[in-house]
Amino acid sequence: MSWSRIRGQDAARSTFAAAFAANRFGQAYLLAGPEGVGKRLFARELAKALLCEKPPAPLTACDKCPGCAQADAESHPDLLVARKPDDKLEMPIDEMREFCARLARKPVRGARKVGIVEDADDFNASSANVFLKTLEEPPPGAVLLLIATDAERQLPTILSRCQVVRFAALSDEDVAAILEANGVADAAQRARLAQLAGGSAGRALALDDDSIWDVRKKLVEGLTGPRVSFQQLAELWAKFHEDAGKESAAQRARAALVLKFLIEAVQQALKLSLGATVTGLDAGEEARLRAFAHRVGTDGLMALLDKCVEADAHVERRVQLILVVEAVVEQFWRHAER
Ligand SMILES: [Zn+2]
């Protein structure tokens, strides 16, 4: 891996390169930006460059020395990573205690240690408190890289001690290129996934899963069809969340995804009802959406669109998911019954 593998984050790279060249490299950075745009990969590459024993250029890893090999294998003694275990909702205090204790020891291979905190969004009061002591006085030469989705969500005590480097959403082009590099062979599929993923390669890769498209077909067809089976569709949708695992963020991401599919379908029906052409639909889908538009009417479609957008906001505001699902399915069901 090298910098060339990280797409779309040249601005962030320039920030670090400039600080390094000016001999003003900081001790703590908060890498803030949306999920799935490469922040973790970037932090790994940066750490490797900082730990490389024969850098071919400033802040660039050689990818050949033992330090680089160990960094790639996650076995470098001076590279520490703190992350929230999958089955926990918050960063455990023990994880931070161990991280801080190891960071305080002398570097083994070179001049510095690099500590990456992968889930800075998930500190609780006690794990943040443990970490704060290290952040206030990092060991000499240590560099801390915190990864977060939103700088504004961080505790002021943490934020005030970090330099914030913002990561932007990726272009559809970059997302498609990352999909290609990860083995998504079909160009049309790459374009479609990139469009749905809203600038997140992580989300696009997660969308490359047949079971998701199967659920989409059943839900969109069921909800825009002539008879809406409230119970069956609400259960199918709720099960789709549960299949994402216990973590609420993953479940919310799936709820938001279904809403995106529904919004897309209602918008397509609206366009068709207004005589516009919609690309990417097969004959069966187009006929179904036309019939749906005819049945529901323009005002009804607009009302459904509003409900879906409103539901999307509720998903983000952490309203109970099953309530969101039932409210949306009920709206489609009402319109179908009229
Ligand atoms: Zn190296």
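Quick caveat, the model's predicted, so the values are computed rather than measured. Every chain is numbered independently, its residues counted from 1 as its sequence is written. Per-residue local features of the predicted model are confined to residues with pLDDT of at least 70, and side-chain atom pairs are confined, for both listing and counting, to 80 or more; whole-chain, interface and lining totals are unaffected and use all residues.

Q: Quick question: what am I supposed to make of the overall build of the protein here?
A: Helix and strand definitions here come from DSSP, where helices need a minimum of 4 consecutive H or I residues and strands a minimum of 2 consecutive E residues; each element is numbered from the N-terminal end. Scanning the protein for helices and strands turns up 14 helices and five strands. C-alpha extents for the protein along the principal axes are approximately 70 × 40 × 30 Å. Each residue is classed by its C-beta neighbour count within 10 Å, where at least 20 other C-beta atoms makes it buried, 12 or fewer makes it exposed, and intermediate counts make it partly exposed; the C-beta atoms are placed from backbone geometry. The burial tally for the protein puts 36% of its 338 residues in the buried class. Long-range pairs, those at least 24 residues apart, make up 70% of the contacts in the protein between residues at least 6 apart in sequence. Placing C-beta atoms from the backbone, we regard two residues as in contact once those atoms come within 7 Å.

Q: Help me out: how do you make sense of the sheet that holds strand 2 (residues 79-82) in this one?
A: The strands making up a sheet associate through hydrogen bonds between their backbones, and the pairing can be parallel or antiparallel. Strands pair, by our definition, only if DSSP identifies at least two bridges between them. The strand order across the open sheet formed by five strands is 2-3-4-1-5, and the pairing between neighbours is parallel. If you trace the sheet from one side to the other, it starts and ends with strand 2 and strand 5 (163-166), each paired once. Along the sheet, successive strands turn relative to each other by an average axial angle of 20 degrees, direction set aside. With four bridges connecting them, strand 3 (residues 114-117) and strand 4 (residues 143-148) associate as parallel partners. Bridging from a neighbouring strand, Ile-116 pairs with Leu-145 of strand 4. Here helix 4 (residues 93-104) sits on the sheet in contact with strand 2 and strand 3, set at roughly 165 degrees to strand 2. For helices, the fitted axis covers only the stretch in contact; all axes are lines through C-alpha atoms, and the angles between them, taken along N-to-C directions, range from 0 to 180 degrees.

Q: Just to check I follow, could you spell out the packing of helix 10 (residues 210-224) against helix 11 (residues 230-242) for this structure?
A: Look at helix 10 against helix 11: their axes get within 10 Å of each other, and the N-to-C directions meet at 150 degrees. Looking at the two axes, helix 10 sits roughly antiparallel to helix 11. Two packed elements cross with a definite hand, and for helix 10 against helix 11 that hand is left-handed. Packed against helix 10, whose contacting residues are Val-215, Lys-218, Leu-219, Gly-222 and Leu-223, the element helix 11 presents Leu-233, Leu-236, Trp-237 and Phe-240 at the interface. By the convention adopted, Pro, Cys, Tyr, Trp, Phe, Met, Ile, Leu, Val and Ala count as nonpolar, Lys, Arg, Asp and Glu as charged, and the other residues, Gly among them, as polar. Partitioned by chemical class, the residues of the contact of helix 10 with helix 11 number seven nonpolar, one polar and one charged. Relative orientations are named as follows: roughly parallel for angles under 35 degrees, roughly antiparallel for angles over 145 degrees, roughly perpendicular for angles from 65 to 115 degrees, and oblique for any other angle. Working rule for handedness: look at the near helix, and if it is turned counterclockwise from the far one by less than a right angle, call the crossing left-handed; if clockwise, right-handed.

Q: Honestly, unusual backbone geometry in this entry has me stumped. Any pointers?
A: Most peptide bonds take the trans configuration, and most residues that are not glycine carry a negative phi. In this structure, Asn-23 is a non-glycine residue whose phi angle is positive, near 60 degrees. Structurally, Asn-23 can be placed in the loop between helix 1 (10-21) and strand 1 (28-32). Positive phi, close to 55 degrees, is recorded for Leu-59, a residue that is not glycine. Summarising the element assignment, Leu-59 is placed in the loop between helix 2 (39-51) and helix 3 (66-72).

Q: In this structure, what is going on with helix 5 (residues 125-136)? I would like to understand it.
A: Residue pairs three or four apart in sequence face the same way in an α-helix, which turns once every 3.6 residues. Multiplying 1.5 Å by the helix residue count minus one yields the expected span of that helix. End to end, helix 5 covers 16 Å across twelve residues, agreeing with the expected 16 Å (1.5 Å per residue, within 8%). For helix 5, the complete set of buried residues consists of Ser-127, Ala-128, Val-130, Phe-131, Thr-134 and Leu-135. Along the axis of helix 5, the buried residues cluster in a sector spanning 160 degrees; they form a single face. In helix 5, the exposed positions that point more than 90 degrees away from the buried face belong to Ala-125, Lys-133 and Glu-136. Where helix 5 is buried, its residues touch strand 1, helix 4, strand 4 and helix 6 (156-159). Arc definition: directions from the helix axis to the C-beta atoms.

Q: Explain the domain arrangement of the protein here, please?
A: The extent of an interface is frequently quoted as the accessible surface area lost upon association of the parts. Domain annotation for the protein reports domain 1 (3-166) and domain 2 (209-337). As used throughout, domain bounds are those supplied by an automatic or database domain assignment. Computed from C-alpha atoms alone, the centre-to-centre distance between domain 1 and domain 2 is 40 Å.

Q: How should I be thinking about the pairing of strand 1 in this particular structure?
A: Remember that side chains alternate between the two faces of the sheet whenever the strand is regular. Among the five residues of strand 1, four are classified as buried, and the element is accordingly described as predominantly covered. Summarising the sheet, strand 1 and strand 5 pair through four bridges and their orientation is parallel. Opposite Leu-31, over in strand 5, you have Val-165 as the bridge partner.

Q: Before we go on, may I ask you to explain the packing of helix 7 (residues 172-181) against helix 8 (residues 187-197) in this structure?
A: Describing two packed helices takes the angle between their axes plus the distance from one axis to the other. The contact between helix 7 and helix 8 brings their axes to 9 Å, and the two run at 125 degrees. By the angle between their directions, the pair helix 7 and helix 8 is classed as oblique. In terms of crossing hand, the pair formed by helix 7 and helix 8 is right-handed. Across the interface between the two elements, Asp-172, Val-175, Ala-176, Leu-179 and Glu-180 of helix 7 pack against Arg-190, Ala-191, Leu-193, Ala-194, Gln-195 and Ala-197 of helix 8. Its residues placed into classes, the contact of helix 7 with helix 8 shows seven nonpolar, one polar and three charged.

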